[in-house]
Amino acid sequence: MVKVNDNYLKLPGSYLFSAIAKKVNAYTAANPDKKIIRLGIGDVTQPIAPALIKALHDAVEEMGSVETFHGYAPDLGYGFLREAIAAGDYAARGCKIEADEIFISDGAKCDCGNIQEIFSEDAVIAVCDPVYPVYVDSNVMAGRTGEYDEKTGKWSRVIYMPCTAENQFVPELPEETPDLIYLCVPNNPTGTTLTRDQLKVWVDYANRTGAVILYDAAYEAYIAEPSVPHSIFEIEGARTCAIEFRSFSKNAGFTGVRLGFTVIPKELVRGGVMLHSLWARRHGTKFNGAPYIVQKAGEAVYSPEGREQLKEQVAYYMRNAKVIYEGLKEIGCEVYGGVNAPYIWLLVPGGMTSWEFFDCLLNEAGVVGTPGSGFGPSGEGYFRLTAFGTYENTVEAVERMKNMVSLRK
Ligand code: MLT
């Protein structure tokens, strides 16, 4: 009889956001009259910007005529989009990234989850703790993480780099040398960032040790402070040690449209092999390209109208971030993030665990957030709220939280 991949059986529970959805569904089934405000998963609420909708419509029209119809997209992405990205996201910031170093995909989550396939089975990974759960879970599935210890919430072959209020959420270089270093800046879930100087420490370390940095910059559009780089390729030396993941979900509202990209410089070589070639081989074999109409909408992100409209959308969400941040501060909570990121990270009041606070917030205020422990053991005692709700719901959620007795203790 066939054997299953028993690495999957090692995964504790279900994927974080599926677990939350299940709990919320159970609550709404039991309380059908209660209005729930969802500030849990970082899903956008504002409609796609008009310039992008127009590009989508025009591309749909093209698909309806024999002269302009498009079949399979080139597996690494259309040149028009790769060139728009190279110019708009990289050349404009002084980074040397060629269009053919950019791989178009259907989103950063898949790329972040799949990238580990091009590395050896025994590669040791290092992650910030807390962090986006896909990095660890995808390595668990690949059998790279050793055994899970329920007591500590840690995997035996994963290097955890705690990022808490005690170290201002800045990871320290690990004692044991990792092969792969996942960095997410701005960080999901803490909403905190690294400055150019702090990131340079990691780039130098990776070049020195031969490690590769897997840099998730899905939230770069929310960076407001000039000391924070938008791309790791703004840092000297990154071309020989880093892979960058970008998403259109958070800057252009494409969570339901699906588009992202990965950048692998041709100078990134390990064991005499260009990682660019390996990813191109993987992409060509396992992926049939993001849809033409979606890539046309992606191109419109870089048009003058697109840029202007998306700047407004980011500002809309960041106004929400400010409402949450200041509202919680007003009632004496310890809060972080929310300045360069659409996430607010709060220290759970009253000594509750993250999941206890989740239940309390849901039951007492009808507000859904994300328990910090779902992002790693150092997330215990913290809680994440997203700024991606509507403004009206965000204001109401904060009012409800202000009225919660347990938040006032
Ligand atoms: C989150 O809430 O952390 C994100 O929305 C998840 C994702 O982008 O996949």
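Residues numbered from 1 in each chain as written. Predicted model: local features only at pLDDT ≥ 70, side-chain atom pairs only at ≥ 80, totals over all residues. Heavy atoms only, no water.

Participant: Break down the sheet that holds strand 14 (residues 343-347) for me, citing the residues and quoting the values.
Facilitator: On the basis of which strands lie adjacent, the open sheet formed by four strands has the order 13-14-17-16 and antiparallel pairing. If you trace the sheet from one side to the other, it starts and ends with strand 13 (335-337) and strand 16 (370-371), each paired once. Here strand 16 pairs with strand 17 (residues 382-386) via two bridges, running antiparallel. Bridging from a neighbouring strand, Pro371 pairs with Phe383 of strand 17. On top of the sheet, helix 12 (residues 354-365) reaches strand 14, strand 16 and strand 17; it is set at about 45° to strand 17, its chief contact. (Pairing = 2+ DSSP bridges. Helix = DSSP H or I, 4+ residues; strand = E, 2+ residues; numbered from the N terminus. Contact = heavy atoms within 4.5 Å. Axes fitted to C-alpha atoms, helices over the stretch in contact; angles between N-to-C directions.)

Participant: Give a detailed account of the site of the ligand, specifying residues and quantitative values.
Facilitator: Around the ligand, a shell composed of Phe17, Ile41, Gly42, Lys109, Tyr132, Asn188, Tyr219, Lys250, Tyr343 and Arg384 is seen. For the ligand, an oxygen atom lies 2.9 Å from a polar atom in the side chain of Lys250. Contact between the ligand and Arg384: an oxygen atom at 2.7 Å from a side-chain N or O atom of the residue. In isolation the ligand has 270 Å² of accessible area, and contact with the protein removes 85% of it. (Near = heavy atom within 4 Å. Polar contact = N/O pair within 3.5 Å; in protein donor to acceptor, adjacent residues only side chain to side chain. Areas by Shrake-Rupley, 256 points an atom, 1.4 Å probe, with all protein chains shown as cover.)

Participant: Kindly report on a nonpolar patch on the surface, identifying the contributing residues and their values.
Facilitator: Taken together, the side chains of Val4, Tyr8 and Leu9 present a nonpolar region at the surface, about 360 Å² in accessible area. Mapped onto the elements, Val4 comes out in the segment before helix 1 (7-10). By relative accessible area, Val4 is classed as exposed at 62%. (Patch = residues over 30% accessible without salt bridge, like charges linked within 9 Å, V, L, I, M, F, W, Y side chains within 5 Å. Salt bridge = Lys/Arg side-chain N within 4 Å of Asp/Glu carboxyl O. Buried < 20%, exposed > 50% of the residue type's maximum accessible area, 1.4 Å probe, protein only.)

Participant: So what's going on with the packing of aromatic side chains? Residues and values would help.
Facilitator: Counted under the stated rule, the structure contains 24 aromatic pairs. When the centroid spacing of 4.8 Å and the interplanar angle of 15° are considered together, the rings of Tyr135 and Tyr182 count as stacked. Placement of the pair is Tyr135 in helix 6 (residues 134-141) and Tyr182 in strand 7 (residues 180-184), with a sequence separation of 47 residues. You can call Tyr182 buried: its relative accessible area is 1%. Arranged with centres 5.6 Å apart and planes meeting at 80°, the rings of Tyr316 and Tyr317 form a pair that is edge-to-face. Pair check on accessibility: Tyr316 and Tyr317 agree, each one buried. Chaining the aromatic ring pairs together yields one cluster made of Tyr15, Phe17, Phe169, Tyr336, Trp345, Phe375 and Tyr382. (Phe/Tyr/Trp six-rings, centres within 6.5 Å; stacked < 30°, edge-to-face > 60°.)

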